[in-house]
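Reading the structure
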Amino acid sequence: MHLIIKIKKCIKRLSKMIETNRLFLREVNIDDASAIFNNWASDKEVTKYLTWNYHKNIETTKEILNIWVNEYKIKKVFRYGIVLKQTNELIGMIDVPGYDDGNPHIGYCLSRKYWNNGYMSEALGKFIEILFNNGFKKLLIEACEDNIASNKVIQKCGFKFIKKEEQYFKLKDKKMIINMYELNK
């Protein structure tokens, strides 16, 4: 019974719309498959530095989206679509794809046509607030060294560089130099 109450609280927390100056952060749903596929998941440039490859068809996006939607039932799932208020368009995502020693590891992506407008800094700033308000004391994030824009966003939002590490990405079949950052409350 106690576990059910905790899950219900989590679902209630995630289902409300979170607002910034220009954006809404909201749960993604099955109806978002087309927007996700068209706006970033099928874009080789957007996925260039991500841990996953671009989606060759919308069926791949739908399969992954089904998993994500079902994961909202799990207490430690923080996953939001980034919606542009002005047009109500889903333009990106921000989430916690995993934890390192109990500390959330943040990931994000944004449609290329919305790069260089400060949207990701705005979304990440709010996401940091959400995670700290949920009791986390330390947040982790990383970016490929070559991804200059993402490194700038991370630093702009207050993260401190902690180390550089070479990682092999099996899905991409290549090694990349990764800059690792942390932010403490």
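This section reports on the structure supplied with the text. (Residues numbered from 1 in each chain as written. Predicted model: local features only at pLDDT ≥ 70, side-chain atom pairs only at ≥ 80, totals over all residues. Heavy atoms only, no water.)

1. As for the packing of helix α4 (residues 119-133) against helix α5 (residues 148-156)
α5 packs onto α4 with a crossing angle of 40° between their chain directions and a minimal axis gap of 9 Å. In terms of orientation, α4 and α5 fall into the oblique class. Note that α4 runs across α5; the crossing there is right-handed. From α4, Met120, Ser121 and Leu124 reach across to α5, where they touch Val153, Ile154 and Lys156. Taken together, the residues that form the contact of α4 with α5 break down as four nonpolar, one polar and one charged. (Axes fitted to C-alpha atoms, helices over the stretch in contact; angles between N-to-C directions. Helix = DSSP H or I, 4+ residues; strand = E, 2+ residues; numbered from the N terminus. Parallel < 35°, antiparallel > 145°, perpendicular 65-115°, else oblique. Left-handed = near helix turned anticlockwise from the far one by under 90°. Contact = heavy atoms within 4.5 Å. Nonpolar A, V, L, I, M, F, W, Y, C, P; charged D, E, K, R; others polar.)

2. Points about the pairing of strand β8 (residues 174-184)
Relative to β8, strand β6 (residues 138-144) is paired through seven bridges, and the arrangement is antiparallel. Across the sheet, isoleucine 141 pairs through a bridge with tyrosine 181, a residue of β8. Pairing of strand β7 (residues 160-169) with β8 involves nine bridges; the strand directions are antiparallel. Directly across from glutamine 167, in β8, lies its bridge partner methionine 176. (Pairing = 2+ DSSP bridges.)

3. A few points about the pairing of strand β5 (residues 103-110)
Buried residues dominate β5, accounting for eight of its eight residues. Judged by which residues are buried, β5 turns out to be covered on both faces: Asn103, His105, Gly107 and Cys109 on one side and Pro104, Ile106, Tyr108 and Leu110 on the other are all buried. Two strands pair when backbone bridges link them, and strand β4 (residues 89-100) and β5 are joined in this way by seven bridges, in the antiparallel orientation. The residue bridging tyrosine 99 from the neighbouring strand is proline 104, located in β5. As consecutive antiparallel partners, β4 and β5 are separated by two residues, and within that stretch aspartate 101 has a phi angle of approximately 55°, a positive value. (Buried < 20%, exposed > 50% of the residue type's maximum accessible area, 1.4 Å probe, protein only.)

4. A word on the sheet that holds strand β2 (residues 23-26)
Taken together, the eight strands give an open sheet; going across it, the order is β1-β2-β3-β4-β5-β6-β8-β7, and neighbouring strands pair in mixed fashion. The outermost strands of the open sheet, each flanked by one partner alone, are β1 (18-19) and β7. With six bridges joining them, strand β3 (residues 79-84) and β4 adopt antiparallel strand pairing. Within β4, the position partnered with arginine 79 by the bridge is aspartate 95. Strands β1, β2, β3, β4, β5, β6 and β8 of the sheet are contacted by α4, whose axis makes an angle of about 155° with β5.

5. Topic: the packing of aromatic side chains
In the structure shown here, the tally under the stated rule is five aromatic pairs. Between the aromatic rings of phenylalanine 78 and phenylalanine 136, the centroid separation amounts to 5.8 Å while the plane-to-plane angle is 80°, which identifies the pairing as edge-to-face. Separated by 58 residues along the polypeptide, phenylalanine 78 in the loop between α3 (58-71) and β3 and phenylalanine 136 in the loop between α4 and β6 bring together distant segments of the chain. The buried category is assigned to phenylalanine 136, whose relative accessible area is 12%. Taking the centre distance of 5.9 Å and the plane angle of 80° together, the rings of phenylalanine 161 and tyrosine 181 count as edge-to-face. With phenylalanine 161 in strand β7 and tyrosine 181 in strand β8, this pair connects stretches of sequence that are 20 residues apart. Each residue in the set Phe78, Tyr99 and Phe136 is aromatic and connected to the rest through ring pairs, giving one cluster. Sitting over the face of the ring of phenylalanine 24, lysine 85 holds its NZ or CZ atom 5.5 Å from the ring centroid. (Phe/Tyr/Trp six-rings, centres within 6.5 Å; stacked < 30°, edge-to-face > 60°. Lys NZ or Arg CZ within 6 Å of the ring centre and 35° of its normal.)

6. Quick look at the packing of helix α2 (residues 33-41) against α3
Angle between the axes and distance between the axes are the two parameters that describe a pair of packed helices. Orientation of α2 relative to α3, taken along the N-to-C sense of each, is 115°, at an axis distance of 9 Å. Between α2 and α3 the crossing geometry is right-handed. On the side of α2, the interface is formed by Ala33, Ser34, Ile36, Phe37 and Ala41, while α3 contributes Ile58, Thr61, Lys62, Leu65 and Trp68. In terms of residue class, the contact of α2 with α3 is made up of seven nonpolar, two polar and one charged.

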